[in-house]
Amino acid sequence: MNSEEIQALFCCKLYRECVQFKEEQLKSSKEEIFGSAYKIDTVINIYEMLIEMSQKLEAEVMKDLLFYPDLLACFYEYWLKVEDSQYAELSDFLKRTIREVIRQKEVKAA
């Protein structure tokens, strides 16, 4: 099997997992879907990134990942263990923006 065929199989596996994930989510109530918004967004982002990465991944790596069950769910679970700095970054951004908005208001008032 050549590398293009392996990439096609890898992308097909990811696609099937993503479709299955979406179908499972759609069986949930609106409240459950809303409660799972972060998971849904993250799993879809993982899917899209892996599809992009497949163009550069070595064939052997994709071949190994082909046999890994529930790859998207697995990567999502690993992601949950990673320290997330988004809240701190958003907080810093808001503090800077508040200062800037107040400064602009003072300049206009002068």
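None of the values given here were measured: they were computed from a predicted structure. (Residues numbered from 1 in each chain as written. Predicted model: local features only at pLDDT ≥ 70, side-chain atom pairs only at ≥ 80, totals over all residues. Heavy atoms only, no water.)

A contiguous nonpolar surface patch, about 460 Å² in accessible area, is contributed by Leu-90, Phe-93, Leu-94, Ile-98 and Ile-102. One can find Leu-90 in helix H6 (residues 86–109). Here Leu-90 falls in the partly exposed class, since its relative accessible area comes to 45%. (Patch = residues over 30% accessible without salt bridge, like charges linked within 9 Å, V, L, I, M, F, W, Y side chains within 5 Å. Areas by Shrake-Rupley, 256 points an atom, 1.4 Å probe, with all protein chains shown as cover. Salt bridge = Lys/Arg side-chain N within 4 Å of Asp/Glu carboxyl O. Helix = DSSP H or I, 4+ residues; strand = E, 2+ residues; numbered from the N terminus. Buried < 20%, exposed > 50% of the residue type's maximum accessible area, 1.4 Å probe, protein only.)

Moving on, we come to the pattern of salt bridges. Following the criterion strictly, the structure yields two salt bridges and no others. Two residues, Glu-17 and Lys-13, come together in a salt bridge whose shortest N-O distance is 2.7 Å. Of the two residues, Glu-17 and Lys-13 both sit in helix H1 (residues 3–26), four residues apart, roughly one turn of that helix. With respect to class, Glu-17 is no different from Lys-13; both count as buried. With a shortest N-O distance of 2.7 Å, Glu-100 and Arg-103 are connected by a salt bridge. Placement of both Glu-100 and Arg-103 in helix H6 is noted, with a separation of three residues, approximately one turn of the helix. For Glu-100, a relative accessible area of 32% puts it in the partly exposed group. The class for Arg-103 is partly exposed, based on a relative accessible area of 43%.

A surface patch of like charges, here negative, comprises Glu-83, Asp-84, Glu-89 and Asp-92. Take Asp-84: it is sitting in the loop between helix H5 (71–80) and H6. (Lys, Arg positive; Asp, Glu negative; His and termini not counted. Charge placed at Lys NZ, Arg CZ, Asp CG, Glu CD.)

Turning to unusual backbone geometry, a few remarks are in order. Even without glycine at this site, Asp-70 takes up a positive phi of about 50 degrees. Counting through the fold element by element, Asp-70 comes out in the loop between helix H4 (59–66) and H5. Given the relative accessible area of 51%, Asp-70 is considered exposed.

Looking now at the nonpolar core. Ranked by internal contacts, the top residues of the largest apolar core, which has 16 residues, are Phe-10, Leu-14 and Leu-72. Among the elements of the structure, H1, helix H3 (37–53), H4 and H5 are those that each provide at least two residues to this core. Contact partners of Leu-14, with chain neighbours within four places excluded, come to Tyr-47, Leu-50, Ile-51, Leu-71 and Leu-72. (Core = buried A, V, L, I, M, F, W, Y, C linked by side-chain atoms within 4.5 Å. Contact = heavy atoms within 4.5 Å.)

Turning next to the packing of H1 against H3. For the pair H1 and H3, interaxial distance at closest approach is 10 Å and the crossing angle is 165 degrees. When the axes of H1 and H3 are compared, the pair comes out roughly antiparallel. In this structure, H1 crosses over H3, and the sense of that crossing is left-handed. Side by side, H1 and H3 meet where Phe-10, Cys-11, Leu-14, Tyr-15, Cys-18, Phe-21, Lys-22 and Gln-25 of the first sit next to Lys-39, Ile-40, Val-43, Ile-44, Tyr-47, Leu-50 and Ile-51 of the second. Tallied by class, residues from the contact of H1 with H3 come to 12 nonpolar, one polar and two charged. (Axes fitted to C-alpha atoms, helices over the stretch in contact; angles between N-to-C directions. Parallel < 35°, antiparallel > 145°, perpendicular 65-115°, else oblique. Left-handed = near helix turned anticlockwise from the far one by under 90°. Nonpolar A, V, L, I, M, F, W, Y, C, P; charged D, E, K, R; others polar.)

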